[in-house]
Amino acid sequence: LGLPGALPVLNQKAIELASKAAFALNTKPQAFSKFDRKHYFYPDLPMGYQITQFEEPIVLGGHVDIVVDGKLKRVGITRAHLEADAGKSTHLAGADYSLVDLNRAGTPLLEIVSEPDMHTAAEARAYAHELYLLMKYADVSDVDLYHGNMRFDVNVSVSKDPNVLGTRSETKNLNSFKSVEKAVEYEVRRQIEVLESGGKIVQETRGWDDAKQKTFSQRTKEDAHDYRYFPDPDLPPV
């Protein structure tokens, strides 16, 4: 919570679990990793910054193999980094206020980032499910989707040029394989409609409305330089 006088302490078990995850992702944990501060101001982040790993994450590379329509496909892993989880914001339908739950703020989170190798909603769903199984059987997490022990952030971009990625949207905190698939389908449709009507895609964070089966805008998304990353002075490297 960033209470005055309190300093963060690295969770040793999180390092062990992240190392297990590296092997499950067909790579090895990095011999050297360090922690950084990522600055942004949002109600779910009392400190005004998030402890994360920017330049030297604990996991680099790797891959996950998925099967879609009987065909094997390999999805590359960019990295996996440890960070302190933020709180949970709840936006009530019809209300002019939001609620913030800080119960999970500061707990260890391993964020796994994939390469842009998936090109259909079915592939995204298959990848999410395979990742779920890998983390479960490697005993990295109990991956309880209902309680948010595993969540998916889906980045989608469309482009007419197969060699150039379009501007992406990020739909946050999906908690089922079906919602991953449906959010990708919706975002692909939405972005194509915007572009074909002469509009521009805005890089933003979006939420998923399960009742309406559609995404909605939450806030514009910053680039890395906007976060003003610098090494966390309170935590030693690993």
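Residues numbered from 1 in each chain as written. Predicted model: local features only at pLDDT ≥ 70, side-chain atom pairs only at ≥ 80, totals over all residues. Heavy atoms only, no water.

What about the pairing of strand β5 (residues 71-84)?
Sheet faces and side chains relate simply in a regular strand, where the side chains alternate between the two faces. Quick note on the threshold: Each pair of strands is called paired provided DSSP finds at least two bridges between the two strands. Only DSSP runs of H or I covering at least 4 residues are called helices, and only runs of E covering at least 2 are called strands; the numbering of each starts at the N terminus.
Alignment of strand β3 (residues 59-60) against β5, held across 2 bridges, turns out to be antiparallel. Across the sheet, the residue bridging to Val59 is Ala80, located in β5. Note that strand β4 (residues 63-68) and β5 share 6 bridges and pair antiparallel. In the sheet register, Asp65 faces β5, and the bridge partner there is Arg74. The turn linking β4 back onto β5 is made up of 2 residues, and Asp69 within it adopts a positive phi angle of 55°.

Points about the sheet that holds strand β13 (residues 230-231)
Backbone-to-backbone hydrogen bonds join strands into a sheet, with any given pair of strands oriented parallel or antiparallel. The strand order β2-β1-β13 describes an open sheet built from 3 strands, whose pairing is antiparallel. The sheet is open, and its two borders are formed by β2 (49-52) and β13, each paired with just one other strand. Two elements, strand β1 (residues 36-39) and β2, share 4 bridges in a ladder whose sense is antiparallel. Across the sheet, His39 pairs through a bridge with Tyr49, a residue of β2.

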